[in-house]
Amino acid sequence: MALSKEQHGSSDKQALLDAQLQLWQHTLGYVKSMALKAALDLRIPDAIDQHGGSATLLQIVTKVTLHPSKIPCLRRLMRLLTITDVFSIQHPTDAGSELVYGLTPASRLLVGSTLNLSPLLNLMLGTIYVSSFFDLGRWFQHEMPDPTLFKMAHGQEIWDLTDHDASFSKLFDNAMAADSSFIMDIMVSKCSDIFQGISSLVDVAGGIGGATQAIIKAFPHVECCVLDLSHVVASAPIGTKVKYIAGDMFESIPSANAVFLKILRNCKKAIPSKEQGGKVIILDIVVGAGSSEQKNVETQVLFDLMIMFINGIQRDEQQWKKIIFEAEFSDYKVIPVLGVRSVIEVYP
């Protein structure tokens, strides 16, 4: 049945409204991020957790630092955070009763001492990271590789900042350790066969050892060491079975059955042949690997754009294949079982 002129006009107007909505969703996306940051700054997940996993607004207020005049504003913040599934909400059955807010699977990852991603989110949502993207459009007008987006915003590279700013260095190290602890706990459970037959492993640029601590806990027979720069190793935990070695990965890498995380020609020199069980284990995003759901794909490309602020890149399989073979490795296998990330085994 043909649409009337009036129906066509109405359809066109709705299309305009839908297009406006799409632009507003993009434009206001940062508000959603900053609402999450506010929840972390105020320690709202901890406040709810301290009340047993569910709490009214007034119960939350007893556990957070908040000016009383801002209680109505907190209610509005919680409305957004429940709509976006950071928290759950229970509507009262009795008139006059208060709303009850609860932890969701997402906000449960923001409390406790294990599997807590708050340090990573604090880094990514912090002023230093976020402000790096203010002039993204202007950055595209400069020839690669310099200046990086980060350097253009802050006058120095991120590694220089970690070297000279103790508070940022601690924030960065804690973020990397939290991410490593979270993903490695899942990796050693879901991909335990990757570590079978390995007697020694070196984690290249492994920071303070969040990944290797998880590996050695699950596989105590594996001799693990971390290679990183001297100032990083100086802040590493003591009294663990992990050995920390100060050095430059671009110069040499200690010998081991397996090298974790990085892929360089030096990695190939550090491991035995494939027949002897030698391999490089990479934990990273392979764009396009894993679930084809919109949220998964979008998150992969968001990470790719984010890492561009230091001229980094998240590669698809063809790009990984190219650098693997250019580094003179013989074969590889992509195992997309870690959400947006994959494990890549690379063989000499």
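The rules behind these values
Residues numbered from 1 in each chain as written. Predicted model: local features only at pLDDT ≥ 70, side-chain atom pairs only at ≥ 80, totals over all residues. Heavy atoms only, no water. UniProt positions renumbered as here; feature names shortened; annotations may be inferred. Helix = DSSP H or I, 4+ residues; strand = E, 2+ residues; numbered from the N terminus. Buried < 20%, exposed > 50% of the residue type's maximum accessible area, 1.4 Å probe, protein only. Contact = heavy atoms within 4.5 Å. Areas by Shrake-Rupley, 256 points an atom, 1.4 Å probe, with all protein chains shown as cover. Lys, Arg positive; Asp, Glu negative; His and termini not counted. Charge placed at Lys NZ, Arg CZ, Asp CG, Glu CD. Pairing = 2+ DSSP bridges. Right-handed = clockwise from strand over helix to strand, strands pointing away.

- Identification of the protein chain as O-methyltransferase ZRP4 from Urochloa decumbens is taken from an unreviewed UniProt entry.
- Entered under Sequence similarities (unreviewed entry) in the UniProt record, the comment concerning the protein chain runs "Belongs to the class I-like SAM-binding methyltransferase superfamily. Cation-independent O-methyltransferase family."
- Here the protein chain is described in UniProt, under the heading Subunit (unreviewed entry), as follows: "Homodimer."

### Here's the deal with the overall build of the protein chain
Part 1 of the argument: The helix and strand inventory of the protein chain stands at 16 helices and ten strands.
Part 2 of the argument: Residue burial in the protein chain is summarised as follows: out of 348 residues, 40% are buried.
Part 3 of the argument: The contacts of the protein chain with a sequence gap of at least 6 include a subset with a gap of at least 24, amounting to 52%.
Part 4 of the argument: Just so you have it, the protein chain exposes about 19800 Å², and 55% of that area is on carbon and sulfur atoms.
Part 5 of the argument: Here the protein chain contributes 30 positively and 36 negatively charged side chains, and the mean placements of these two sets differ by 3 Å.

### Comments concerning the pairing of strand E5 (residues 223–228)
Part 1 of the argument: Within E5, five of the six residues are buried, which leaves it mostly tucked inside the rest of the structure.
Part 2 of the argument: Relative to E5, strand E4 (residues 200–204) runs parallel, the two sharing five bridges. The residue bridging valine 204 from the neighbouring strand is leucine 227, located in E5.
Part 3 of the argument: Taken together, E4, helix H12 (residues 210–218) and E5 constitute a β-α-β crossover, and its handedness is right-handed.
Part 4 of the argument: Bridging between E5 and strand E6 (residues 243–246) involves four bridges; their strand directions are parallel. Bridge pairing in E6 links aspartate 228 to alanine 246.

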